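Coordinates in review
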Amino acid sequence: MDATAMRRLMLVLVLLVGLSACQKEQPSVPSQTKPAVKIVELKVGQMAVEGSPVDGPQQADKPIVVTVQITGEASSAILEAKLIELKTGRSAGLQTVTFSKSIPSEHSFVFKRESVWPEGRYLVEVKLNGKLAAQQDVDVMSVNAGTAR
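The structure displayed is predicted, hence computed values, not measured ones. (Residues numbered from 1 in each chain as written. Predicted model: local features only at pLDDT ≥ 70, side-chain atom pairs only at ≥ 80, totals over all residues. Heavy atoms only, no water.)

A few words on the environment of alanine 74. Its place among the elements puts alanine 74 in the loop between strand 3 (64-71) and strand 4 (76-85). The sequence separation of alanine 74 and proline 35 amounts to 39 residues, and the corresponding C-alpha distance is 8.3 Å. In this view, alanine 74 contacts Val37, Lys101 and Ile103; residues no more than four positions away in its chain are not counted. (Helix = DSSP H or I, 4+ residues; strand = E, 2+ residues; numbered from the N terminus. Contact = heavy atoms within 4.5 Å.)

What follows is the structure, given as C-alpha cells:
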C-alpha cells in the first residue's frame, strides 16, 4: 500500500469514527399507545335485541338486528356490517358507519325489509377499518314454521 492509499484509508476511518460519535442515542421513552380498537362480541337476531340467548331462529317478519361490542381507543374507525343470504350468495344488506373523535362501546345495525325475509341461513360479516373482524350466521324461519313443533 502506498502513502496515498494509506492516507485515504486513515481519512475514511477518521470520518467513520467522527460520524458514529455524532449520533446521539435517543432516550427511550415508554410508549403510551392506546389499546387497538377491536370487536369483542357480535350478537345477531333476537339475541341482539333481548341481550340473552333466545330459543328458536330469527323470525322472518322481524328486522335482523346486529349488535357489535367494541373495545379500545382510536380517533376514528369505519364499521361495516354485511348480510349475505347463503342460499344464493347474494348480499341482503350492507350498512356502514364512520366514527370520528370517539368510538362507542356498542353499535347496532338494523336490517329491515318491506316484506318478510326469505327463509334460510344468512351470514353476517362485520368489518372494522376494512378488515373482517367478526362473522356469525343466523337462521331465518317464518313465524308459523318456528312455532309448529
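Picking up after the structure, the text goes on.
All right, on to the pattern of salt bridges then. Pairing between side chains becomes possible if they bear opposite charge and their charged atoms approach one another. By the definition in use, this model includes 2 salt bridges. We note a salt bridge from aspartate 137 to arginine 121, for which the minimum N-O separation is 3.1 Å. Residue aspartate 137 is found in strand 8 (residues 131-141), and its partner arginine 121 is found in strand 7 (residues 120-128); the two are separated by 16 residues along the sequence. For arginine 121, the salt bridge identified is with aspartate 139, shortest N-O distance 2.7 Å. Of this pair, arginine 121 sits in strand 7 while aspartate 139 sits in strand 8, and the two are 18 residues apart along the sequence. On the basis of relative accessibility, which here comes to 41%, the residue arginine 121 falls in the partly exposed class. (Salt bridge = Lys/Arg side-chain N within 4 Å of Asp/Glu carboxyl O. Buried < 20%, exposed > 50% of the residue type's maximum accessible area, 1.4 Å probe, protein only.)

Sheet analysis places strand 2 (residues 58-59) next to strand 8, joined by 2 bridges and oriented parallel. Of the residues in strand 8, the one forming a bridge with glutamine 59 is methionine 141. Strand direction decides the pairing type here: strand 7 and strand 8, joined by 9 bridges, are antiparallel. Across the sheet, residue tyrosine 122 finds its bridge partner in strand 8, namely valine 138. The hairpin formed by strand 7 and strand 8 contains 2 residues between the paired strands, and asparagine 129 there has a positive phi angle of roughly 55 degrees. (Pairing = 2+ DSSP bridges.)

Right, let's get into the sheet that holds strand 6 (residues 106-111). The strand order across the open sheet formed by 3 strands is 1-3-6, and the pairing between neighbours is antiparallel. One side of each edge strand has no neighbouring strand; the edge strands of this open sheet are strand 1 (38-44) and strand 6. Adjacent strand axes in the sheet meet at a mean angle of 20 degrees, parallel and antiparallel pairs treated alike. Two elements, strand 1 and strand 3, share 6 bridges in a ladder whose sense is antiparallel. Across the sheet, the residue bridging to glutamate 41 is glutamine 69, located in strand 3. (Axes fitted to C-alpha atoms, helices over the stretch in contact; angles between N-to-C directions.)

Formed by 26 residues in total, the largest nonpolar core has its most connected members in Val66, Val68, Leu79, Phe109, Phe111, Trp117 and Val126. Contacts of tryptophan 117, omitting those with residues within four sequence positions, involve Ala60, Lys62, Pro63, Ile64, Leu83, Ala92, Phe111, Lys112, Tyr122 and Val140. (Core = buried A, V, L, I, M, F, W, Y, C linked by side-chain atoms within 4.5 Å.)

Before going further, it helps to examine the sheet that holds strand 5 (residues 90-100). Spatial strand order, 2-8-7-4-5: 5 strands in an open sheet with mixed pairing. Single-partner strands in this sheet number two, and they are strand 2 and strand 5. Bridge analysis of strand 4 against strand 5 gives 10 bridges, and the strand direction is antiparallel. Bridge pairing in strand 5 places lysine 82 opposite leucine 94.

One non-glycine residue, lysine 101, adopts positive backbone phi at about 75 degrees. Position of lysine 101 relative to the elements: it lies in the loop between strand 5 and strand 6. Positive phi values are uncommon outside glycine, yet asparagine 129 reaches one of about 55 degrees. Along the chain, asparagine 129 falls in the loop between strand 7 and strand 8.

All quantities given are derived from atomic positions and should not be read as evidence of function.
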